[in-house]
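# Residue-level structural notes
Read off the chains here:
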Amino acid sequence: MKMTFTSSGKVEVEAWLGVPQQQLPTPKITGCIWRKPFCKAKRNSSKMSTVFRQVTFSNTYNNSNSVTGFILLGFTYTGETQKLLFMLLLTIYILTLLGNGSIICAVCWDERIHTPMYILLANFSFLEICYVTTTVPNMLANFFSETKVISFSGCFLQFYFFFSLGAVECFFLAIMAFDRYLAICRPLHYHTIMTRHLRTSLVVNCWIIGFLWFPVPIIIISQLSFCGPKIIDHILCDPSPILVHTCTPAPIMEFTCSFLSSMILVVPFFFIIGTYTLVLKAVVRIPSGRGRKKAFSTCGSHLVVVSLFYGSAMVIYMRPSSGHEAETQKVVTLFYSMVTPFLNPVIYSLRNKEMKDALRKVLGYENESLCKRYPLRSS
């Protein structure tokens, strides 16, 4: 893909997508990135003081079947802004892997926290690592790609794994809420109910149901014919921008994808709300102030994660697709798909003494702290 900047502020992009030039007229995409000195906007351009952009595309393909993939635009920043955003996202991705990996190691190596709550947390951290890895590496590579092309198979595989892992995360958050309910509301029967067999069954079923939730609509969408420039103005392969490029409208598939996405969000969310309503009633009845504080601290971190994930995901998938602009959709998607997994290790370990101690043990600080606490006395 070749970009040239004109004096009027327009960016001319010529993309061949691997097709010999003699087979196709040169496909040209002309975009206009709005910045303050450039591209007079139709709406109140004199009042515009912030940087925003609008991209318009014109297609000159005569034979759309010759195109071998989608153009995944991602973030369309250029220059220093592009480099800074790339470094920021790369740093967040590396810290996400390190943070969630540390929780997994801490739970595996410290026998003191081999309890259902922490075992579920370790599985959740592994899920978060898989979740960010489905999109972030391709997103980072796309920053400096000249073609920004993703193959049809690569796009639909990303679509499948991203939504399947998102469904697994919804179920996992519900299981973790159920675990907290048993620990607080049924403390005497907790270990007899939350057995190793039940815990394993819940985790396995989460993965199975999550990966069986979306394959049928994804397979059907992949069999549709796509026309036009096949430009996806998003950071990942999402059903809404993909279905825009079908040769014939597919309202049934749009409704099916919207319905499945809404159900996977709404059902676990209301289960979590109902569970924590019962937990709150039980916590209020605890006579000890210390006991109430400990119950709130263990449940509070989980509620923060639930609020961050469900709040941002519902903004995208439970509102009409026309209700938000492309840039807003990119930012919100980036938040729940990348920022939330990055914050999870911090949230779960910030006010959790057991997890802090386990992390110190993994990082090798435990022996040092013991030496400082109990120094050897010379005779």
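In this text, all values refer to a predicted model and were calculated from it rather than measured experimentally.

Each value, and the rule that gives it
Residues numbered from 1 in each chain as written. Predicted model: local features only at pLDDT ≥ 70, side-chain atom pairs only at ≥ 80, totals over all residues. Heavy atoms only, no water. pLDDT = per-residue confidence, 0-100. Helix = DSSP H or I, 4+ residues; strand = E, 2+ residues; numbered from the N terminus. Contact = heavy atoms within 4.5 Å. Polar contact = N/O pair within 3.5 Å; in protein donor to acceptor, adjacent residues only side chain to side chain. Axes fitted to C-alpha atoms, helices over the stretch in contact; angles between N-to-C directions. Left-handed = near helix turned anticlockwise from the far one by under 90°. Nonpolar A, V, L, I, M, F, W, Y, C, P; charged D, E, K, R; others polar.

## Re the confidence of the model for the protein chain
With 76% of its residues at a pLDDT of 70 or more, the protein chain has an overall mean of 77. Predicted confidence in the protein chain is weakest over strand β3 (residues 28-32), with a mean pLDDT of 41, and strongest over helix α6 (residues 196-211), with 94. The low-confidence segment residues 1-66, where pLDDT is below 50, has 104 contacts with residues more than four positions distant or belonging to other chains. Low confidence marks residues 369-374, where pLDDT is under 50. Its contacts with residues over four positions away, or in another chain, come to zero contacts.

## A look at the environment of S307
With respect to the helices and strands, S307 occurs in helix α10 (residues 289-317). When the C-alpha atoms of S307 and F269 are compared, they prove to be 9.7 Å apart, with 38 residues separating the residues in sequence. Within the local environment of S307, its side chain forms a polar contact with the backbone oxygen of L303, the two atoms lying 2.8 Å apart.

## As for the packing of helix α4 (residues 152-185) against α6
Contact geometry for α4 and α6: axes closest at 8 Å, N-to-C directions at 150°. Like other packed secondary-structure pairs, α4 and α6 cross with a definite hand, here right-handed. Residues Y160, F161, S164, L165, A167, V168, F171, F172, I175 and F178 of α4 lie in contact with α6, whose contacting residues are L202, V203, C206, W207, I209, G210 and F211. Looking at the contact of α4 with α6 residue by residue, the class counts come to 15 nonpolar, two polar and no charged.

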